[in-house]
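Chain by chain, the residues:
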Amino acid sequence: MTGLRKGVNQTKVMWTLLDTNLLLLMLLYLYFFSAVSSSLYSSLCQLQGEFHLNGMHKDGDVVLGGLFEIHFFSNYPDLSFTSEPQQPTCYGFNILGFRQAQTMAFAIDEINRNSNLLPNVTLGYSLYDNCVQLGIGFRAALLLASGQEEKVLLHETCVGTPPVLGIVGDSSSTRSMAISTVLGLYRVPMVSYFATCSCLSDRQRFPSFFRTIPSDAFQVRAMIQILKHFDWTWAGLLVRDDDYGLHAARSFQSDLGPYGGGCLAYTEILPWDNDPDELRRIVDVMKKSTARVVIVFAHESHMIDLMEEVVRQNVTGLQWIASEAWTAAAVLQTPRLMPYLGGTLGIAIRRGEIPGLRDFQLQIRPDLYHNNRRGNNMVNQFWEHTFQCRFAPPPAGWVEAGGALCTGQEDLESVETELLDVSDLRPEYNVYKAVYALAYALDDMLQCEPGRGPFSGHSCGNLQRLEPWQLVYYLDKVNFTTSFGDQVSFDENGDVLPIYDIINWQWLPDGRTKVQTVGEVKKSAFKGEELTLDEDKIFWNFKSKKPPRSVCSESCPPGTRMARKKGEPECCFDCIPCSEGTISNKTDSMECTSCPEDFWSSPQRDHCVPKTTEFLSYHEPLGIFLTATSLLGTFICIVVLGIFIYHRRTPVVRANNSELSFQLLLSLKLCFLCSLLFIGRPRLWTCQLRHAAFGISFVLCVSCILVKTMVVLAVFKASKPGGEASLKWFGVLQQRGTVLVLTSVQAAICTAWLLSASPVPHKNTQYHNDKIVYECIVGSPVGFAVLLGYIGLLAMLSFLLAFLARNLPDSFNEAKLITFSMLIFCAVWVAFVPAYISSPGKYADAVEVFAILASSFGLLMALFGPKCYIILLRPERNTKKAIMGRGTGP
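This is a predicted model, so every value here is computed, not measured.

### Some thoughts on the sheet that holds strand β10 (residues 263-270)
1) Next: Taken together, the eight strands give an open sheet; going across it, the order is β10-β9-β11-β12-β13-β18-β19-β20, and neighbouring strands pair in mixed fashion. Among the strands making up the open sheet, the edge pair consists of β10 and β20 (528-533). When the angles between neighbouring strand axes are averaged without regard to direction, this sheet yields 25 degrees.
2) Next: In this sheet, strand β19 (residues 513-524) lies alongside strand β18 (residues 499-507) in antiparallel orientation, the contact comprising nine bridges. By the bridge assignment, Ile503 is partnered in β19 with Thr517.
3) Next: Against the sheet, helix α6 (residues 216-229) touches β11 (293-297), β12 (319-322), β13 (345-349), β18, β19 and β20, its axis set at about 50 degrees to β20.

Dropping the structure here:
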């Protein structure tokens, strides 16, 4: 709404009396509006009284009403009721309000000249001045709805076209709510061009209300989109104390967080009157706040008072966001205020172009409308205001004071007037669309085919019996495109498809002020809400010439999470580092997200990285060493086996069963090779095979040693008189069978273990949070213990028998070597158990491999080292005579 709003204080004292009078007037007029015949009245419809309001009229087949702010202020007469109260008088002519009324007159004239729209129907209008007062606006609305002149009453039964079929207006949300509440009872359609309160979208309360300006709910979301675009999450809100401001405040408080991710640093209500103490307090709040963005939902009169205090306290460095009510207020765009308001971003009503409007305005002549009987005095008042003259008869003393008389022949083009400025038509464009919406709805209704209509019995409306509620049906479905290219249609709440311009107050180097359109925000049926901004065109009133930062707390860096500060808005928070294994959450900044099982947080806690893996690898030094040692042992076994095969007919090889020596060398080679199964990443087959191969290989080895020991004892016993029979039980077949049976027992143990609780690979994260240790879990500790226990049992038995045979004659004795080898074997595996239990991860595998290799090398060196020494280095001792004669073992 535009124009200066001073003088509101003059009328506040009258509100209590006005409310009482309005209620009385409503009851009286609603009673007489029914036009029911009574014995108190004649059979003709009669008017109880007349309102003398500023107006402008034109007759037509169908009349449309209009309510406009032609004057800023009003004076109420004495209401003592000792005589008939006089009509209120209005003063302070509003050129922009008159331009809006003239736009409606032009739109109706244009429609009447359009043969494609409402052919054979002439539209008329009755336009009234509401003087920015609810009481006067209410009078005008009742006058439009009920009629005032006898000539509009058809027949004795008051049947015929109603005085107006629809009303364009009002410009105020509060007045629109009050008027529409009453007119809605009779479904008289109202199409407002400037009432933005979201409360008017309530179809239950306002069933016949429409508007061509977007709802404040959309304006709030448009502002939130601007805040979101520039990452302004911390803003102050100033609103005026009425439906317009309070509903906007509620919308901001409910939508700012969910839609924009921001919050309000403060919400203050601007006083109606110029209250210096309250304004000082509000500006002090703004000054102390860390919010650099201030949103104001108020009229320019409130802004004038507020800016006086802002200038007094010299509060600079603020980014203002203006609602559509003051975004185009020229009175604020002064050299004195632009240092503070420069760079303001505003939500502005969509600018439109109306070809022919200026030429229509130039045709205004007071003599064309000079018919005071019907109150056609609106043009006369404009003429007097523009040319500073008075029509005859002038007020007393006017001529004597040097005042001029109006002739009606003055030239409008000779004066500078805002009436002729059609470069920035915004509310006027909404008026234009409102008139056309009513016209298109009426045109659709009159094109209805009888028998196919939407009303009872498939009937249609007609000019002879037009009802306002019938027009509401067609207004709901109206859909057209203006000559400017904007689509006009209403949703289920009577709201038009919303579109706003985004404007910027630019303070030019030469001191001039320019209002620049820098974008738009609109809502379409297909794409939803869209914000378009040309940032290169925006003037920023800061030294940096860039958008300011307006946040309560800076965004938390990667690797941290938000922790809200107690008792403060949600935009105020501390940043706490994420714990190990978690990273900052991009969707929920209040929580850190745990990394997946196989991942760990980076040092910066901003992303997950794959956990390092640990197992006894062939590529690490320890794995390479153990692999080389295993292969070395295997190679030595092959070399020794080759030596023994090559010298298989020599006494040293043939002594004490050469076949068992070959079996022992083969089993030792398997022991060396089975250690390779413990190196490398554990797989299911390696986990199952490693312990089975280890257990069977060592049992085969120890079984051969045990049988060798038993053979030594049997041969010694057979060498004594009467002991020959003992060799019958230790022949070659018995030796082979014993080895096979003992080995088969271990194979059975391994099979039962694998079938009942097989070892499986396992990813262990207990040792290190940031590391995955691949290991084989034994599955059944009992099975593993039985396997080791059986090996230990055979080893102990071999050790005991060898120990008992250690003092036998040297020529038959291999027991010393077996005793020493079993001692090494048992020592290694006894040390293995505690070392294995205490070693984590890959080191447990390394300990087991080391035990296998150490015990294997011990057996290999102790049993075959001395024999290889004789075969290779002392061949003279490798004879039967030497062995038998010396009486010592090899």
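### Details of the environment of Ala846
1) Next: Considering the arrangement of structural elements, one finds Ala846 in helix α23 (residues 842-873).
2) Next: Sequence-wise, Ala846 and Phe615 are 231 residues apart; in three dimensions their C-alpha atoms are separated by 9.7 Å.
3) Next: If we ignore the near neighbours within four places in the chain, the residues touching Ala846 are Leu616, Leu622 and Leu626.

### Overview of the packing of helix α3 (residues 95-112) against helix α13 (residues 378-387)
1) Next: With their axes 11 Å apart at the nearest point, α3 and α13 run at an angle of 140 degrees to one another. One finds that α3 runs oblique with respect to α13. At the point where α3 passes α13, the crossing takes the left-handed sense. Where α3 approaches α13, its residues Ile95, Phe98 and Ala101 are matched on the opposing element by Met378, Val379, Phe382, His385 and Thr386.
2) Next: Within the contact of α3 with α13, the residues separate by chemical class into six nonpolar, two polar and no charged.

### What to know about the state of the cysteines
1) Next: Under the defined criterion, the tally for this structure stands at ten disulfides.
2) Next: Here Cys263 connects covalently by a disulfide to Cys571, the sulfurs 2.1 Å from one another. Within this pair, whereas Cys263 is found in strand β10, its partner Cys571 is found in the loop between β21 (560-564) and β22 (573-577), the two being separated by 308 residues in sequence.
3) Next: Residue class for Cys571 comes out buried when judged on its relative accessible area of 5%.
4) Next: Across a sulfur-sulfur distance of 1.8 Å, Cys687 and Cys776 are joined as a disulfide pair. Disulfide Cys687-Cys776: torsion about the S-S bond near -75 degrees, hence left-handed. Within this pair, whereas Cys687 is found in helix α19 (residues 684-718), its partner Cys776 is found in strand β29 (residues 771-777), the two being separated by 89 residues in sequence. When sorted by exposure, Cys687 lands in the same class as Cys776, which is buried.
5) Next: The structure places no disulfide on Cys637, whose sulfur is separated from the nearest cysteine sulfur, that of Cys671, by 8.5 Å.

### Description of the confidence of the model for the protein chain
1) Next: Per-chain confidence: the protein chain averages 83 in pLDDT, with 87% of residues scoring 70 or above.
2) Next: Low confidence marks residues 150-157, where pLDDT is under 50. Its contacts with residues over four positions away, or in another chain, come to eleven contacts.

### Focus on the nonpolar core
1) Next: Ranked by size, the top nonpolar core spans 104 residues in total, and within it Phe252, Ile295 and Phe297 carry the most contacts.
2) Next: Ranked by residue count, the leading element in this core is helix α14 (residues 427-446), at twelve residues.
3) Next: Excluding residues within four positions of it along the chain, Ile295 makes contact with Met223, Leu227, Ala235, Gly236, Leu237, Leu238, Phe252 and Ile321.
4) Next: In this structure, Leu616, Leu626, Ile791 and Leu860 belong to the second largest nonpolar core, which totals 71 residues.

### A word on the packing of aromatic side chains
How two aromatic rings sit relative to each other is given by the distance of their centres and the angle of their planes.
1) Next: Tallied over the full model, the rule gives 35 aromatic pairs.
2) Next: The interplanar angle of 40 degrees and the centroid separation of 6.3 Å between the aromatic rings of Phe93 and Phe382 together place this pair among those described as tilted. One end of the pair, Phe93, is in strand β4 (residues 89-93); the other, Phe382, is in helix α13, with 289 residues separating them in the sequence. The exposure classification of Phe93 matches that of Phe382, with both residues buried.
3) Next: Summarising the aromatic geometry, the rings of Phe698 and Trp829 are spaced 5.7 Å apart at their centres and angled 80 degrees between planes, so their arrangement reads as edge-to-face. Taken together, the residues span a long stretch of sequence, with Phe698 in helix α19 and Trp829 in helix α22 (residues 815-838) at a distance of 131 residues.

The rules we used
Residues numbered from 1 in each chain as written. Predicted model: local features only at pLDDT ≥ 70, side-chain atom pairs only at ≥ 80, totals over all residues. Heavy atoms only, no water. Pairing = 2+ DSSP bridges. Helix = DSSP H or I, 4+ residues; strand = E, 2+ residues; numbered from the N terminus. Axes fitted to C-alpha atoms, helices over the stretch in contact; angles between N-to-C directions. Contact = heavy atoms within 4.5 Å. Parallel < 35°, antiparallel > 145°, perpendicular 65-115°, else oblique. Left-handed = near helix turned anticlockwise from the far one by under 90°. Nonpolar A, V, L, I, M, F, W, Y, C, P; charged D, E, K, R; others polar. Disulfide = S-S within 2.5 Å. Buried < 20%, exposed > 50% of the residue type's maximum accessible area, 1.4 Å probe, protein only. pLDDT = per-residue confidence, 0-100. Core = buried A, V, L, I, M, F, W, Y, C linked by side-chain atoms within 4.5 Å. Phe/Tyr/Trp six-rings, centres within 6.5 Å; stacked < 30°, edge-to-face > 60°.

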